[in-house]
6 protein chains.
Amino acid sequence: MTSEKSVGSGLRECLGPHCSFLGLAVPECAFENAGAVIIPVPYDATTTYRAGTREGPRAILAASRELEPYDEETCTEAYRHGIATLEELPVVVSSPRDMLDSVRVVGAQVLRSGKLPVLLGGEHLLSLGMIEAAADHFGDLSILHLDAHADLREQYQGSPYSNACIMRHGAALAPVVQVGIRSLTAEEHEFIRAKKIPCFFAHDLHRDPSLYARVIPCLGKRVYLSIDLDVFDPAVMPSVGTPEPGGLSWYEVIDLLRAVFRERQVVGFDVMELLPVPCFAAPDFLAARLVYKLLSFFFAGAARPPC
Amino acid sequence: MTSEKSVGSGLRECLGPHCSFLGLAVPECAFENAGAVIIPVPYDATTTYRAGTREGPRAILAASRELEPYDEETCTEAYRHGIATLEELPVVVSSPRDMLDSVRVVGAQVLRSGKLPVLLGGEHLLSLGMIEAAADHFGDLSILHLDAHADLREQYQGSPYSNACIMRHGAALAPVVQVGIRSLTAEEHEFIRAKKIPCFFAHDLHRDPSLYARVIPCLGKRVYLSIDLDVFDPAVMPSVGTPEPGGLSWYEVIDLLRAVFRERQVVGFDVMELLPVPCFAAPDFLAARLVYKLLSFFFAGAARPPC
Amino acid sequence: MTSEKSVGSGLRECLGPHCSFLGLAVPECAFENAGAVIIPVPYDATTTYRAGTREGPRAILAASRELEPYDEETCTEAYRHGIATLEELPVVVSSPRDMLDSVRVVGAQVLRSGKLPVLLGGEHLLSLGMIEAAADHFGDLSILHLDAHADLREQYQGSPYSNACIMRHGAALAPVVQVGIRSLTAEEHEFIRAKKIPCFFAHDLHRDPSLYARVIPCLGKRVYLSIDLDVFDPAVMPSVGTPEPGGLSWYEVIDLLRAVFRERQVVGFDVMELLPVPCFAAPDFLAARLVYKLLSFFFAGAARPPC
Amino acid sequence: MTSEKSVGSGLRECLGPHCSFLGLAVPECAFENAGAVIIPVPYDATTTYRAGTREGPRAILAASRELEPYDEETCTEAYRHGIATLEELPVVVSSPRDMLDSVRVVGAQVLRSGKLPVLLGGEHLLSLGMIEAAADHFGDLSILHLDAHADLREQYQGSPYSNACIMRHGAALAPVVQVGIRSLTAEEHEFIRAKKIPCFFAHDLHRDPSLYARVIPCLGKRVYLSIDLDVFDPAVMPSVGTPEPGGLSWYEVIDLLRAVFRERQVVGFDVMELLPVPCFAAPDFLAARLVYKLLSFFFAGAARPPC
Amino acid sequence: MTSEKSVGSGLRECLGPHCSFLGLAVPECAFENAGAVIIPVPYDATTTYRAGTREGPRAILAASRELEPYDEETCTEAYRHGIATLEELPVVVSSPRDMLDSVRVVGAQVLRSGKLPVLLGGEHLLSLGMIEAAADHFGDLSILHLDAHADLREQYQGSPYSNACIMRHGAALAPVVQVGIRSLTAEEHEFIRAKKIPCFFAHDLHRDPSLYARVIPCLGKRVYLSIDLDVFDPAVMPSVGTPEPGGLSWYEVIDLLRAVFRERQVVGFDVMELLPVPCFAAPDFLAARLVYKLLSFFFAGAARPPC
Amino acid sequence: MTSEKSVGSGLRECLGPHCSFLGLAVPECAFENAGAVIIPVPYDATTTYRAGTREGPRAILAASRELEPYDEETCTEAYRHGIATLEELPVVVSSPRDMLDSVRVVGAQVLRSGKLPVLLGGEHLLSLGMIEAAADHFGDLSILHLDAHADLREQYQGSPYSNACIMRHGAALAPVVQVGIRSLTAEEHEFIRAKKIPCFFAHDLHRDPSLYARVIPCLGKRVYLSIDLDVFDPAVMPSVGTPEPGGLSWYEVIDLLRAVFRERQVVGFDVMELLPVPCFAAPDFLAARLVYKLLSFFFAGAARPPC
């Protein structure tokens, strides 16, 4: 009778317009009917600069409730496929690895249910839990990593579990393709070269936009998509911890991802590192719209004719 | 199966920790079991200076979810008596009088159910709807009005339905006692004198704190309590539209109201005009704590021995 | 002898650099000499999300006082044609329709005086009052509507007078051309198709910039121009209530409107929905510059050779 | 015909509710009828910590327009005695001494006209210009200085004209009495002792409130009153450059100054150093209310019976 | 030759006005000469509501650089006794217990050097590391705990190392006296009664200020002083995570602690949980002034006659 | 032994990660080894609109400490060439000319040492001191001026030393080339034509990007580069005093300056007028990244092959 029905061991769903993505009501927000599942995780314990990405999931959900549920580009109402929203995953403070394990367990549950998991951060570290779950679930997985930073360090602050290291772990689990990178260390650059990681630097994409077309061929059939919002230019996405000038525009990201969803099978995605700026909601709207746009691409499918 | 169970014609309750006062879960937040009912109304259409009291109810509810549910002064857990939270009342834009009617209808329903209505504003105009409902329901009613402003104008901006006029209407329905006033016109002062309204000015209360003891004898047996948060000193409550220096302290208000709850029958109350300041949550906490403190007084009752 | 000389029934002008657009002094800001008249209306009663567009007109005027009065593109000083600024139109709280009537009356007076009316909002609903006045005054009128939202609903919040509905009314008065749309309902999309409204979606304009050239041929000889500032991309205009990514750039809007002013007769325009963000003045400057740029286009006329 | 009528060499008045104190209209805001003259000076060039007191005068005037023009304590409407507001004094950047000279000239003009000058800062340095004018105009003058800081340094940043030094200059022109001090150097403390300056430290006033009664006997018949707003406790006045805990309350300041106005002849006063905090208007209201309260005391006079 | 001279295994001092408390230069800020040592720890990993106390130490140090180094109450310049400032302690993300161990090690080093350790947080959890070090170093220790919250839970978020639990640990190491409490659970209240912890509730102190005199007799000879800044009333200290109305004033805290420093031997203290509010520096100044006031009390000693 | 070693008459360097650009430690931040010298000047006395560019240098340095020291475009670590950071230049309040003299003296010292001076403002006026020093030091100098404003007035606010006038002085010392201009007076436009100053207006560069290639041929061999950050579009650089729409993008500026550094000898540069917006750090990062990007270009040299 409560608003948070249990939907598995430890999973509880949010029912009703006060807490669901888009402000959906039953039946569209019910877990059992849902094609996709939003997983908000308000955790930012290992960030070392500005705090606050823990506020990200709430800000995205709040902005989502102001969106029109119709997508004029695909002429679809994706919410009709069902979008469940889980309660915020409880924060575990004992260690970052413990928090990751919690994400991985939830991710695995959602994947086993045949629904699309959509992680909302929170700090980028959390994506590793979803990547682990996805790599476990699918034998063949590619990771598409959109970010300003390479996140390929071996360790940081004396720990291997940090934002700065997640794709080092990820690369050990599945092939990684990086897009939008414009901040890394000499060592990370060396690692990219040594491991032949396809890395599309932001300044190269700016100089030669035709490079975008080379991203998808680097990806396998099944793709996990991890988006650190700082991949966007700070003009449209200033609400991140370490904004780097020279990033991607809304349409550059959307055009790339439309093609990815059309030509590959996306098995899960995340939108991470929103650090809401007080009184400045435009970036929160962008993040919410991005999530819904990707869901529209997902549900529209490859076969759909343009409207 | 949704989180907003209908509890009467048009009333819908919020179930679960995401939307209820204190973050209560069922059964403590269920309407049918509740001794008190929170009614949030995000409306601020007739304010003419700074906008934003529409954000007040959400800010109070958010802060309430961080409160401890125990009151160390009364040694009670008031929430065990049941505190339901209604969905935000839908805003009606056709006219202020239409909005007032909507509040009055809800207030009447809650009063008929024998529960204590607690209105969260939103602009002070809304209180008039509750006062109308209470005056209708109870033959003999007194109004205790805590405010920096007298709100006794005949009309304002060419309309009789405005924040600046509500106690002019109120005084026609039931005897009014005013506490904390420190901003009014010469005409309002003349009206107070002509109508012999017991008005305890802030500067007099400062000069002679023993005046507080004279408030309760002015009140009848049944009291509706209307609190404009600007009655508090701006030191503790800067988050209002027109803050006036020289207001009441936390303990001055609490000590007065503890006595009111002990010596009179409070049949409803409201906490109005919170205009949340970005990044500055202390006043939101004060408002939330005030609501719970008054509920603790209400449920503790007069008979309870001190712990 | 006061600073607000009456200039007709109910109209009062602001004289002097403290309150006029650009900080103009007499004679450039005197109503009788003015070619254009700024009409600020600080009203936002029917917005339902964030409040605050009532602060818009003041923010635009404040920023305008920091502008250079010279336009380097047209090599003109448009203010020499006279730009009067009216006092803020008094807010009417009795009902939205009453407020609209007040705008319509002022608009009609300015139009009868042969001057160009320039409405500064405030919420977009107000534009309808100006459109009504213009449609009344001119037999043949086209409406050019720049917005992120279609605003074509039949009603909203139980009322036909809402931001979300104004172009539904507008379309009944004169043919409407829409530019920059990227948020609407399935029903509104259907209405656009059914009524064959020329609607230039933002994503189409992005994909094919040559579409801009097709806007003007859709317009009749006389044009009323209504600009909801959210037509701009949030990168340059985050200070709106519901920012939508993927909007138009400064030069895209300016290049389109330069052509409109050159090839059509603009009989009035409005710049609406600025919701100023504290400490973040760049969007206020954009709005002020936009108004002056359009006035420069208006006064420069079609015949003027480039400097 | 402009809104800023010239009222002497270089003085220009603001006419009309958009720019005058309290939003007064003619005749109450006309210079020729005025008993008091507000002089706003938006200058903060020698402050070395946070910038922004230049915004102070505008913030005080804006808040003043929301005040009721009636004072319920004195039962008066002080504005009926006429309160003119001058245009902001133009900032002179050539040197601090040049700026001071400009203030002194204006102060002298107002004093010669027999009206009460009321300076609104801006930085505290400016008070010295008024003090020089007043000391020049009146043979016998006392200075009452309310401040958290002693401002008695010999020089600061290599210049004798700095906020930190003004009472060193002031003390050479007229006897100074200091109230509320709680931040000074050992050298300043030594100077106070050596010169036997009556200095009422905040911590002493806290410990023994009866000390307030000793302030007035230290003052001569004619008093210039200089208020650095940081004399107030930061609880009610956080909007200053260097807030110091342990300051005076609203009623402590008002009670002291009521007595000063009753028992001495105040020949001018200033309210300085407001550094407005974005979105946090309560301190601006306090400053505006303080100005009007002091004007109410001034015009009510000693003889008036309490209402 | 660097600015951070190593002063022991892992300890590095900050030299020079850019980073030291009060902006001290050598020799006053040199570790070897110092009587007291400031230990800033920018850690807030286990807080679950608003993030940001990691910014606290930097804000306190920045504000301290604007303080006068003279204390007018004690007529002393405490900095002449030497106040060293350590570099920010590196954050350890592996687990809260690991972070605590790091604090404990530093605390022990400072205590062994015979200097007074002064911890600046950061979240209150960190105090436990200092308490462990002090309890280790001194056989007989009392803990004086100023806080709005009892912090006596057994565990929180599934971990015993959390802000909400630290005095449960502390009470096992040394007798605890609590002052200012006004938020706790029924279970914590029961624990206080069962363990006979002297707990001075805020509402009791308000009702009967003579209770303050009973605090010191509850303390042993050697005292570790732990201050959660939310013990202050939010009027003066709104910059905390969970502000509770009804707290202590500046003079109430200072008067109590002056007596503690005079009548007991304070062996270390901490000032925790500052969560700086943007553009609102007054609370940062209070925290900085508090630290220096306590150092003035410490160095002035019991014997010193009043100036 | 202090952290600020004296490095000449009056120059003091900041040593250590707390205060140096990029957070460099010795030996990379030592003056004697440095190829470039950062000169922060927190001065904004002659700005007349919003105050606060005095906070600019600190904000740039703070952001710089979060940058990766590697530049992925040039594959270099420019810091290895040594980047010293001077202490903030003491503010001189006696007159703007005195402040300029102080900058000129420091600039001359750095130039004589053969290092590259990099001035961080603070208001744009300060650049004139560096230009004077550079024009003095080098017989043949060109000035490349990136700005939204022409800054070519003869005087402003009765003084020739103002932001609005600096290039009038500059043009008398060396040929000036202007890029990005989009705000000026008719008189300034006339001056540009009369003096045949190569001025690349923003709207022309937008219309015809090939114009960028014409900038460098206008420059002599040795170039002093002065950047007012408002040359950027407000989308990426809103943190300036008078933001003007229609500015340059990150890549437009970087592409131009890469070529300048490759084809000319830059002898010094400045990055001016950052007015940090609270809670909005992206523009501070842009400014810091810009400084480091230009240093990377400087040290990479013309000969270096692309990585």
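What counts as what
Residues numbered from 1 in each chain as written. Chains lettered and ligands numbered in written order. Predicted model: local features only at pLDDT ≥ 70, side-chain atom pairs only at ≥ 80, totals over all residues. Heavy atoms only, no water. Helix = DSSP H or I, 4+ residues; strand = E, 2+ residues; numbered from the N terminus. Rg over C-alpha atoms; globule rule 2.2 N^0.38 Å. Contact = heavy atoms within 4.5 Å. Areas by Shrake-Rupley, 256 points an atom, 1.4 Å probe, with all protein chains shown as cover. Pairing = 2+ DSSP bridges. Axes fitted to C-alpha atoms, helices over the stretch in contact; angles between N-to-C directions. Buried area = accessible area lost by both parts, 1.4 Å probe. Salt bridge = Lys/Arg side-chain N within 4 Å of Asp/Glu carboxyl O. Polar contact = N/O pair within 3.5 Å; in protein donor to acceptor, adjacent residues only side chain to side chain. Nonpolar A, V, L, I, M, F, W, Y, C, P; charged D, E, K, R; others polar. Least-squares fit on C-alpha atoms with pLDDT ≥ 70 in both. Parallel < 35°, antiparallel > 145°, perpendicular 65-115°, else oblique. Left-handed = near helix turned anticlockwise from the far one by under 90°. UniProt positions renumbered as here; feature names shortened; annotations may be inferred. Buried < 20%, exposed > 50% of the residue type's maximum accessible area, 1.4 Å probe, protein only.

A. Structural detail: the overall build of chain A. Check the secondary structure of chain A and you find eight helices and eight strands. On C-alpha atoms alone, chain A measures out to a radius of gyration of 18 Å, which is about the 19 Å that the 2.2 N^0.38 rule sets for 307 residues. Seen along its three principal axes, the alpha-carbon backbone of chain A occupies a region of about 55 × 50 × 45 Å. Excluding contacts between residues fewer than 6 apart, the proportion of contacts in chain A whose partners are at least 24 apart in sequence is 74%. Carbon together with sulfur atoms contributes 51% to the accessible area of chain A, which is approximately 9,400 Å² in total.

B. Fine view of the sheet that holds strand β3 (residues 116–121) of chain C. Residues and elements named next belong to chain C. Strand order in the open sheet formed by eight strands is β2-β1-β3-β8-β7-β4-β5-β6, and the pairing between neighbours is parallel. With partners counted over all chains shown, the strands left at the sheet margins are β2 (83–85) and β6 (199–201), one partner each. Geometrically, the sheet is characterised by an average inter-axis angle of 15 degrees between neighbouring strands, direction not taken into account. Of the pairings in the sheet, the one linking β3 to strand β8 (residues 265–272) comprises three bridges and is parallel in character. Following the sheet pairing, Leu119 is matched in β8 by Asp270.

C. Layout of the sheet that holds strand β3 (residues 116–120) of chain B. Residue and element names in this part refer to chain B. An order of β2-β1-β3-β8-β7-β4-β5-β6 is seen for the eight strands of this open sheet, with the pairing classed as parallel. With one partner strand each, in any of the chains shown, β2 (83–85) and β6 (199–201) form the two edges of the open sheet. Shown here is a sheet whose adjacent strand axes are inclined to one another by a mean of 15 degrees, direction ignored. Sheet topology note: the strand β1 (residues 36–40)/β3 ladder contains five bridges and is parallel. What sits directly across from Val37, in β3, is Pro117.

D. The interface of chain B and chain E, seen in detail. Contacts between chain B and chain E engage 21 residues on the former and 29 residues on the latter. The contact between chain B and chain E buries some 2,200 Å² in all, and 62% of this surface belongs to carbon and sulfur atoms. At the boundary of chain B and chain E, one finds two salt bridges. Here Arg153(E) ties to Glu68(B) by a salt bridge, and the two come within 2.5 Å at their closest N and O atoms. Between the two partners, chain B and chain E, sit four residue pairs in polar contact (both at pLDDT 80 or more). If you list the elements that add at least two residues to the side of chain B that touches chain E, you get α7 (250–263) and α8 (282–300) of chain B. Looking at the side of chain B that touches chain E residue by residue, the classes come out as 13 nonpolar, no polar and eight charged.

E. Broad picture of the relation of the copies chain B and chain E. Superposing chain B onto chain E takes a rotation of 120 degrees combined with a translation of 0.0 Å along the rotation axis, leaving an RMSD of 0.0 Å. Both copies are brought into coincidence by an operation consistent with a three-fold rotation axis. Within chain B, the C-alpha atom positioned nearest to the axis of rotation is that of Ala235(B), 2.9 Å from it. In this assembly the copies use different faces: only 10% of the residues contributing to the interface of chain B also contribute to that of chain E.

F. Seen up close, the packing of helix α7 (residues 250–263) of chain F against helix α8 (residues 282–300) of chain F. All names here are of chain F. Close contact between α7 and α8 brings their axes to 9 Å; oriented N to C, the two are set at 25 degrees. Classified by the angle their axes make, α7 and α8 are roughly parallel. For the pair α7 and α8, the crossing hand works out as right-handed. Taken together, the residues of α8 that come into contact with α7 (itself represented by Trp250, Ile254, Leu257, Arg258 and Phe261) are Leu286, Arg289, Leu290, Lys293, Leu294, Phe297 and Phe298. Of the residues that constitute the contact of α7 with α8, the class distribution is nine nonpolar, no polar and three charged.

G. Region of interest: the UniProt feature "binding site: Mn(2+) 2" (unreviewed entry) in chain A. All names here are of chain A. Mapped onto this structure's residue numbering, the UniProt feature "binding site: Mn(2+) 2" (unreviewed entry) falls at His124. Along the chain, the position of His124 falls in the loop between β3 (116–120) and α3 (127–137). Take His124: its relative accessible area is 0%, and that puts it in the buried class.

H. Seen up close, the UniProt feature "binding site: Mn(2+) 1" (unreviewed entry) in chain A. All names here are of chain A. Per the UniProt record, the feature "binding site: Mn(2+) 1" (unreviewed entry) sits at Asp147, His149, Asp151, Asp228 and Asp230. What stands out for the annotated residues spanning 84 residues is how close their C-alpha atoms remain, the widest pair being 12.4 Å apart. Using a relative accessible area of 4% as the deciding quantity, one classes Asp228 as buried. For Asp228, the contacting residues outside a window of four places in its chain are His124, Leu146, Asp147, Met272 and Glu273. When its relative accessible area of 4% is taken as the criterion, Asp230 is described as buried. Among all residues touching Asp230, those that are not within four sequence positions of it are Asp147, Ala148, His149, Arg182, Val240 and Thr242.

I. Main features of unusual backbone geometry. With an omega of 10 degrees, the peptide bond running from Val26(B) to Pro27(B) counts as cis. Checked against the element boundaries, Pro27(B) lands in the segment before β1. The backbone phi angle of Glu273(C) is positive, close to 75 degrees, even though this residue is not glycine. By the secondary structure assignment, Glu273(C) is in the loop between β8 and α8 (282–300). Classification of Glu273(C) by relative accessible area gives buried; the value is 9%.

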